[in-house]
Amino acid sequence: MAHRGMPWVAAVLMLVLCLPALRTGFVADDYYQRTILLGEGGPAGLDDPLMDLFRFVPPGPGAEHLRDVGVVPWWGHPDLELGFLRPLTAATHLLDYALWPDTPALQHAQSLLWFGAAVVLVGFTYRRVHGPTAVAGLAVLLFAVEDAHSMTIGWLANRHAAIALVVGLLALNAHIRWRRGGSPAWIAAALTAFSVSLLAGEAAIVIVAYIIAWQLTMDRTPWPQRLAILLPYAALIVAWRIIYNALGYGCTGSNLYIDPIRQPMAFATALIERGPVMLGAQLSQLNADLWAVFDRTGQLVLFGLCLIVCTAAAVLFARLLHSSPEARFWALGMVLAVVPVAAAFPMNRLLLGAGIGAFGLMGMLTAQIGLLGNEARDRRRWVRRATKILLVLHGPVGALLLVAGLAFLPVFNSMFTAGARHAPRDPTLTEQSLIFVNGHDFPCAYTYIIRLVDDEAPAPRRVGILAPLPSDATVTREDDRTLVIATERGWFELQIDRLMLDVSAPFSTGQLLQTTDFDATIRELTTDGRPLTVAFRFHRLLESNSYRWVYWREGHLVDFPLPPVGGDVRLSAESLLALD
């Protein structure tokens with residue numbers, strides 16, 4: 001474990017375990033980006049891949065077009081914008097499409113190499129803190145096989161996190177070298193690398209968590225100087241944010257992301273709830289991704305379990321934290337790394353930064369109980385047992401779950417591709433609106449997006465969703481143009497149903513929301529303010545050739561039988577994960 005080649009060994013192990021990623025193909029947002037990278041402009045008509053590749057709902061005419069074609073659903077907030085400034089990452093995708101646009105395996109190979117570089121640099125960081133010790137070797141090995149990284153490794157659109165980490169780690173190592181007596185050139189290198197990392201993605205900000213942690217726990221200069229050293233990094237973040245906003249990037253009107261600057265109170269509230277969930281998931285094998293598919297009761301149970309894990313971890317690491325500034329560095333860095341990513345709801349792929357500190361702590365704890373060939377400094381039996389459990393969970397179990405996570409990606413992808421795979425394929429669809437009587441943003445919007453670059457199947461003129469998937473519902477035909485849908489559990493019960501919804505903008509009875517094909521009028525609300533019954537008044541007769549009606553039944557997409565006036569059709573609840 002103490003061998004100086006351990007970072008490289010860990011990277012090779014990761015690459016071997018993750019070889020199945022080469023067969024993953026395109027997943028979810030990869031299709032959206034493919035429409036832009038192939039010169040199709042995407043559903044929003046974007047024509048600058050370098051600057052627009054991560055604009056999912058751009059401001060202005062692009063957003064209006066997304067509403068017109070139904071990619072933004074009827075409940076989408078009028079000010080909805082989702083855009084990220086990631087030109088460095090976009091450049092790597094442009095390289096893929098210049099060399100092998102139709103060979104996803106080679107595109108995944110580039111992503112694997114980026115993550116391999118991240119593993120090596122994480123290993124160098126452990127060695128810079130602990131020297132050439134078994135602690136550093138074990139920590140990087142655990143990081144390399146961490147199952148929470150499967151999405152970052154196997155999803156092309158998430159490559160930005162690996163690139164931001166690679167360049168950000170260069171900044172962190174340069175900062176540490178400078179603070180340990182290096183020349184001023186190292187702080188210049190650190191600031192330069194951090195600036196570049198911000199161009200890869202917002203995930204670069206988690207590196208500042210460790211720079212702050214270093215200054216607070218490891219730096220030995222007087223406190224005013226320690227804190228003053230952080231000012232250049234703060235200035236870079238402020239400048240980056242000003243440019244970010246000036247260029248029209250940012251997130252508004254979405255429950256998927258909370259802007260800490262524009263919505264400080266909402267962010268603070270979310271942090272209190274999401275922070276323990278992500279820390280608990282990182283320290284255990286609880287899965288943060290469950291948050292999105294749980295109802296409120298399930299979320300509270302997950303929060304409670306993660307809070308127990310965090311409390312137990314605090315007790316387990318207490319003696320180590322008291323005696324070692326290095327342990328305090330890793331612990332504080334881990335906690336602070338969760339703060340910026342709490343802007344999004346909990347997901348395993350957001351744990352990339354927190355894992356660095358977590359595995360540094362686990363390596364130190366393993367040495368403290370004498371499992372790395374050294375003399376034990378902590379002989380408490382329960383600590384030894386708990387440490388061994390952690391090593392099993394994050395070693396062999398983590399490696400197996402990493403491979404399983406990569407194997408699960410096609411299942412995850414089926415949520416996005418199900419509609420495109422099974423929607424009608426006759427040429428008349430290009431002149432029709434494909435109406436999903438029940439559905440979700442993913443399969444509905446991506447029916448349109450994927451079909452834009454599918455040479456074998458036509459794209460519909462527009463798409464639209466009416467009822468939610470997770471609730472039983474009754475569809476009643478009120479007249480020749482109106483369908484009234486009464487649900488048992490209401491719309492937006494699950495977090496994953498609120499991606500284009502701003503929960504701070506409440507619904508009201510009688511509220512009218514207009515789309516190109518129909519007007520939706522909310523007739524009844526749930527006790528917590530969600531739509532329960534909604535009337536959909538179409539602009540043409542329901543039997544018009546302008547519409548093609550489909551719905552999900554037992555996981556399959558089938559034609560929807562329009563009832564006669566006064567008649568109704570019963571819809572059963574469907575699982576998004578079970579769509580064929």
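If you're wondering where the values come from, they're calculated on a predicted model, not measured in any experiment.

About the thresholds
- Residues numbered from 1 in each chain as written.
- Predicted model: local features only at pLDDT ≥ 70, side-chain atom pairs only at ≥ 80, totals over all residues.
- Heavy atoms only, no water.
- Helix = DSSP H or I, 4+ residues; strand = E, 2+ residues; numbered from the N terminus.
- Rg over C-alpha atoms; globule rule 2.2 N^0.38 Å.
- Buried < 20%, exposed > 50% of the residue type's maximum accessible area, 1.4 Å probe, protein only.
- Contact = heavy atoms within 4.5 Å.
- Areas by Shrake-Rupley, 256 points an atom, 1.4 Å probe, with all protein chains shown as cover.
- Lys, Arg positive; Asp, Glu negative; His and termini not counted.
- Charge placed at Lys NZ, Arg CZ, Asp CG, Glu CD.
- Pairing = 2+ DSSP bridges.
- Axes fitted to C-alpha atoms, helices over the stretch in contact; angles between N-to-C directions.
- 1 Å grid on protein atoms, 1.4 Å probe; cavity = no way out; pocket = protein on both sides within 12 Å on 5 of 7 lines; lining within 4 Å.
- Points joined across faces, edges and corners; volume = space filled by probe spheres on them.
- Nonpolar A, V, L, I, M, F, W, Y, C, P; charged D, E, K, R; others polar.
- Parallel < 35°, antiparallel > 145°, perpendicular 65-115°, else oblique.
- Left-handed = near helix turned anticlockwise from the far one by under 90°.
- Phe/Tyr/Trp six-rings, centres within 6.5 Å; stacked < 30°, edge-to-face > 60°.
- Lys NZ or Arg CZ within 6 Å of the ring centre and 35° of its normal.
- Salt bridge = Lys/Arg side-chain N within 4 Å of Asp/Glu carboxyl O.

Peer 1: So what's going on with the overall build of the chain? Which residues, and what values?
Peer 2: Looking only at helices and strands, the chain features 21 helices and 13 strands. Its C-alpha atoms give the chain a radius of gyration of 25 Å, near enough to 25 Å, the size a compact globule of 580 residues would have. The C-alpha extent of the chain, read off along each of the three principal axes, is 80 × 50 × 45 Å. For the chain, the proportion of its 580 residues judged to be buried stands at 59%. Considering only residue pairs separated by 6 or more positions, the chain has 73% of its internal contacts joining residues 24 or more positions apart. Counting every atom, the chain has about 22,500 Å² of accessible surface; 64% of that belongs to carbon and sulfur. Positive and negative side-chain charges of the chain, numbering 44 and 47 respectively, have mean locations separated by a distance of 14 Å.

Peer 1: So what about the pairing of strand β10 (residues 531-538)? Which residues, and what values?
Peer 2: Summarising burial for β10: seven of the eight residues are buried, a large majority. Bridging between strand β7 (residues 482-487) and β10 involves five bridges; their strand directions are antiparallel. When the bridges of β10 are listed, T482 appears paired with R537. Judged from the seven bridges that link them, strand β9 (residues 518-525) and β10 form a sheet pairing that is antiparallel. Following the sheet pairing, D519 is matched in β10 by R537.

Peer 1: I'd like a description of the sheet that holds strand β5 (residues 462-468), backed by residues and values.
Peer 2: Strand order in the open sheet formed by four strands is β5-β4-β11-β12, and the pairing between neighbours is mixed. Across the chains shown, the open sheet's two edge strands, defined by having one partner strand only, are β5 and β12 (556-559). Strand-to-strand, the axes of this sheet are offset by a mean angle of 25°, without reference to chain direction. Bridge count between strand β4 (residues 433-439) and β5: six bridges; the pairing is parallel. Residue S433 lies in a different strand from β5, and its bridge partner there is R462.

Peer 1: Report on empty space enclosed by the protein, specifying residues and quantitative values.
Peer 2: Unoccupied space between atoms shows up once a probe the size of one water molecule is rolled over them. Counting across every chain of the model gives two cavities of 30 Å³ or more. What the largest cavity holds in volume is close to 70 Å³. Surrounding the largest cavity, W75, G439, H440, D441, I465, A467, P468, L469, P470, W491, F492 and D497 form its lining. Take the lining of the largest cavity: its biggest share by element is three residues, from β5. Tallied by class, residues from the lining of the largest cavity come to eight nonpolar, two polar and two charged. When its volume is computed, the second largest cavity comes out at roughly 50 Å³. Together, F26, D30, Q33, R34, L37, H93, Y97, Q107 and L156 line the second largest cavity. Where the lining of the second largest cavity is concerned, the elements lending two or more residues are α2 (29-37) and α5 (87-99).

Peer 1: Go over the layout of surface pockets, please, and point to the residues and values.
Peer 2: Looking at the second largest pocket, its volume works out to about 450 Å³. If you go around the second largest pocket, you meet 24 residues; those closest to its centre are N255, E273, Q495, R498 and V503. The set of elements that each furnish at least two residues to the lining of the second largest pocket consists of α14 (264-283) and α16 (296-323). Of the residues forming the lining of the second largest pocket, the biggest block, five residues, is contributed by α14. Here the lining of the second largest pocket is built from residues that sort into eight nonpolar, seven polar and nine charged.

Peer 1: Can you explain the sheet that holds strand β8 (residues 512-514)? Please cite residues and give values.
Peer 2: The strand order β8-β9-β10-β7-β6-β13 describes an open sheet built from six strands, whose pairing is antiparallel. The outermost strands of the open sheet, each flanked by one partner alone, are β8 and β13 (568-571). Across the sheet, the mean angle separating the axes of adjacent strands is 20° when strand polarity is ignored.

Peer 1: Give me the packing of α2 against α5: which residues, what numbers.
Peer 2: The contact between α2 and α5 brings their axes to 11 Å, and the two run at 65°. With respect to each other, α2 and α5 are oriented roughly perpendicular. Crossing handedness for the pair α2 and α5: right-handed. From α2, Q33, R34 and L37 reach across to α5, where they touch H93, L94 and Y97.

Peer 1: So what about the packing of aromatic side chains? Which residues, and what values?
Peer 2: Evaluation of the coordinates by the stated rule reveals 31 aromatic pairs. Between F54 and F56 the ring centres are 6.5 Å apart and the planes differ by 80°, which places this aromatic pair in the edge-to-face class. Accessibility expressed as a relative area gives 17% for F56, which makes it buried. With centroids separated by 6.3 Å and ring planes inclined at 65°, the aromatic side chains of F56 and F84 adopt a geometry described as edge-to-face. Linking F56 in strand β1 (residues 55-57) with F84 in the loop between β2 (81-83) and α5, this pair joins segments that are 28 residues apart in sequence. The pair F56 / F84 is uniform in exposure class, with both members buried. Three or more aromatic residues link up through ring pairs in this structure, and these residues are W74, W75, W491, F492, F507, F518, F536, F538, Y547 and W549. Its guanidinium or amino end placed over the ring of W223, R226 lies 4.0 Å from that ring's centre, counting from NZ or CZ.

Peer 1: I'd love a proper account of the pairing of β4, names of residues and values included.
Peer 2: Taken across its seven residues, β4 has seven buried, putting it largely inside the fold. Relative to strand β11 (residues 547-553), β4 runs parallel, the two being bridged by four bridges. Counted as the bridge partner of L434 is R548 from β11.

Peer 1: Explain unusual backbone geometry to me, and be specific about the residues and the numbers.
Peer 2: Although it is not a glycine, F492 adopts a positive phi angle of roughly 65°. Tracing the chain through its elements places F492 in the loop between β7 and β8. The residue E554 is not glycine, and still its phi comes out positive at about 55°. If you trace the backbone, E554 turns up in the loop between β11 and β12.

Peer 1: Give me the lowdown on the pattern of salt bridges, citing residues and values where you can.
Peer 2: Per the stated rule, a full pass over the model turns up 19 salt bridges. Close ionic contact of R462 with D68 constitutes a salt bridge, the shortest N to O distance being 3.9 Å. Of this pair, R462 sits in strand β5 while D68 sits in helix α4 (residues 61-69), placing them 394 residues apart in sequence. Owing to a relative accessible area of 12%, R462 belongs among the buried residues under this scheme.

Peer 1: An account of the environment of A174 is requested, with residue identities and associated values reported.
Peer 2: Looking at where A174 falls in the secondary structure, it is placed in helix α9 (residues 159-179). A relative accessible area of 4% means that A174 is categorised as buried. Between the alpha carbons of A174 and P260 there is a distance of 28 Å; along the sequence they are 86 residues apart. Apart from residues lying up to four places away in sequence, A174 is in contact with W186, A189 and A190.

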